[in-house]
Amino acid sequence: MSVSEVERDSPAVSETDAEMYVASVCFKTGPPGAVGVEIERIVHDVSDVRRPVPAAEVRIVAAELGSELPGGGAVTFEPGGQFEVSSACGADLSSVIDAVRADLRVTDQYFDDAGLSFSSLALDPVRPPVRTLDHPRYTAMEAHFDRAGQAGRTMMCSTASLQVCLEAGLPGNGPGSAVQRWQRLHRLAPVLVALFANSPFHQGAPSGWQSTRQAVWLGIDPSRASPVQDSADPPAAWARYALDASVLCIPSSRGSWEAPHGLTMRAWVRGHGPRPATYEDLHYHLSTLFPFIRPRGFLEIRVIDAQAGSDWEAAAAITTALVDDEQAADIAADACSPVAALPDAMMIAARDGLANPVLGSAGLSCADAALAAMDRMKADAGTKATVEAFVEQYAARNRSPADQRIDDWRRTGSFSDPAQRKENVG
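Computed from a predicted structure; not experimentally measured. (Residues numbered from 1 in each chain as written. Predicted model: local features only at pLDDT ≥ 70, side-chain atom pairs only at ≥ 80, totals over all residues. Heavy atoms only, no water.)

So what's going on with helix α4 (residues 93–113)? Which residues, and what values?
Taking 1.5 Å of rise per residue, the 21 residues of α4 would be expected to cover 30 Å, and the 30 Å separating its terminal C-alpha atoms lies within 8% of that figure. Among the residues trailing α4, G115 stands out with phi positive, at a value near 80 degrees. (Helix = DSSP H or I, 4+ residues; strand = E, 2+ residues; numbered from the N terminus. Expected span 1.5 Å × (residues − 1).)

Describe the packing of aromatic side chains, listing the residues and the values that go with them.
A full pass over the atoms with the stated rule returns 14 aromatic pairs. Taking the centre distance of 5.4 Å and the plane angle of 20 degrees together, the rings of W238 and Y241 count as stacked. Taken as a pair, W238 and Y241 lie in helix α10 (residues 234–244) at a separation of three residues, close to a single helical turn. Classification of W238 as buried rests on a relative accessible area of 1%. Taking the centre distance of 4.9 Å and the plane angle of 65 degrees together, the rings of F390 and Y394 count as edge-to-face. The same class applies to F390 as to Y394, namely buried. Counting every residue linked through ring pairs, the aromatic cluster contains F77, F83, F111 and F118. The lysine or arginine in question, R41, covers the ring of F118, its NZ or CZ lying 4.2 Å from the ring centre. (Phe/Tyr/Trp six-rings, centres within 6.5 Å; stacked < 30°, edge-to-face > 60°. Buried < 20%, exposed > 50% of the residue type's maximum accessible area, 1.4 Å probe, protein only. Lys NZ or Arg CZ within 6 Å of the ring centre and 35° of its normal.)

Residues and numbers for the pairing of strand β3 (residues 74–77), please.
By the bridge criterion, four bridges tie β3 to strand β4 (residues 83–86) in an arrangement that is antiparallel. If you follow A74 over to β4, its bridge partner there is S86. Linking two consecutive strands that pair antiparallel, namely β3 and β4, is a turn of five residues; a positive phi of about 95 degrees is found at G81 within it. (Pairing = 2+ DSSP bridges.)

Explain the packing of helix α7 (residues 178–195) against helix α14 (residues 326–340) to me, and be specific about the residues and the numbers.
Relative placement of two packed helices is described by the angle separating their axes and the distance separating the axes. Between α7 and α14, the shortest axis-to-axis distance is 9 Å and the interhelical angle comes to 65 degrees. Between α7 and α14, the crossing angle belongs to the class labelled roughly perpendicular. Handedness of the α7/α14 crossing: left-handed. Along the contact surface, α7 presents R184, R187, L188, P190 and V191, while α14 presents A329, D330, A333, C336 and V339. A per-class count over the contact of α7 with α14 returns seven nonpolar, no polar and three charged. (Axes fitted to C-alpha atoms, helices over the stretch in contact; angles between N-to-C directions. Parallel < 35°, antiparallel > 145°, perpendicular 65-115°, else oblique. Left-handed = near helix turned anticlockwise from the far one by under 90°. Contact = heavy atoms within 4.5 Å. Nonpolar A, V, L, I, M, F, W, Y, C, P; charged D, E, K, R; others polar.)

Now, about the environment of A308: what can you tell me, with residues and values included?
By secondary structure assignment, the location of A308 is in the loop between β10 (298–305) and α13 (311–324). In this structure A308 comes out as buried when scored by relative accessible area, which is 1%. Residues A308 and L121, 187 residues apart in the sequence, show an inter-C-alpha distance of 6.5 Å.

Describe the pattern of salt bridges, and please don't skip the residues or the numbers.
In this structure the tally under the stated criterion is 30 salt bridges. Between R153 and E142 there is a salt bridge whose closest N-O contact spans 3.9 Å. Remark: E142 occurs in helix α5 (residues 136–146) and R153 occurs in helix α6 (residues 151–158); sequence separation between them is eleven residues. Put simply, D281 and R275 hold a salt bridge, and the shortest N to O gap is 2.7 Å. Judged on exposure class, the residue D281 and its partner R275 are both buried. Among the charged side chains, a network of salt bridges with common partners joins E15, E19, D244, R266 and R270. (Salt bridge = Lys/Arg side-chain N within 4 Å of Asp/Glu carboxyl O.)

Could you give me a rundown of the pairing of β4, with the residues and numbers involved?
Side chains F83 and V85 of β4 all project onto a buried face; the interleaved residues E84 and S86 project onto the opposite face, where all are buried too. Across four bridges, the pairing between strand β1 (residues 35–41) and β4 is antiparallel. Considered in β4, the bridge of E38 is made with S86.

How would you explain helix α12 (residues 279–286) if you had to name every residue and give the values?
Within α12, the full set of buried residues consists of D281, L282, H285 and L286. One side of α12 holds all its buried residues, which, seen down the axis, span an arc of 140 degrees. (Arc of directions from axis to C-beta.)

Lay out the packing of helix α2 (residues 15–26) against α10 with the relevant residues and their values.
α10 packs onto α2 with a crossing angle of 125 degrees between their chain directions and a minimal axis gap of 8 Å. By the angle between their axes, α2 is oblique relative to α10. As for how α2 packs across α10, the hand of that crossing is right-handed. The segment α2 lies against α10, with E15, A18, E19, V22, A23 and C26 engaging P235, W238, A239, A242 and L243.

Below you can see the structure in the form of structure tokens.
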């Protein structure tokens, strides 16, 4: 439906109907099993890591890939020119990893041939955040975030993540239920940040954070980026969160999409916006919310840094195992209990990674549990080996990938890692 059709034909939505709609469409219970992965990547010029590579240039290279990647994934672009591959939904971990491998082999080769590379980091280490994707949504988003400082623009234009998407879970509130999985995932989130922290640089130097990307996200509009309040009724909690969040933009066929400053979705459906809010407006609003775990009919895990080389496989496999494998999920739940007692655990995870003793202990327990689950999840030998190597190199030593990136920088003075680049191409 076009913007003009939304404005002309869509019925207005009441506050009560809006709450019911959000709760019903965003939590669709289903048995664990299906997996999806979204891989964002920062694009660099191989010959000059400081040269901006605008979205238009990235689009030209991506256009040569054709309309469909071999594994069924879809290509999208982020405001700063970041390149994203979103997998087709796989029936299980093994099938989605096979599909993404096929997609990345092709995309990596095309970008390599064009003289472009993908960063081994989750936050651009040297270039300032500059939006190069021209769309009214991003213009309004930039204006909204700029009111609070630089973090929003940095988030939009300089960060990259790996998102793992899993089924919401079974009805009720017992083992494997959507309620249990939702609650456990929120307790697991700081451990995932620490395990996969991979962005220790900002503005050409170490930032003091293991995941500067997550630190940036912690600094943007909390009404849309903070975690959803813990609740025994996650759909209702999510509906309250969504309606209380500020409106980022109002799609329009005429002029600016900027929303009135301070307008929440709840105020809009109560009649305080520039026009009546519609179901389409509400649906669009949901796409502008970025909590740690976002329900979209499935659960989208949004706290993981983009990884170097083939480490995306380890991140995807470990995360999936800690949620979908019953034994690993139970071990992770126990391991994460001390983490929940940390004041501001997410900030500590982003700053210290696994060097924090509480997170280091929980991270190793979770990583070992995930590795033990690989056979039960029918992971292939390559994935199992990648997970095993990741655990040995990082979690077993209370290190995050960020520690390796800093070691490499101190040794070479470079933010790029050609070895990781070629590993992905091969």
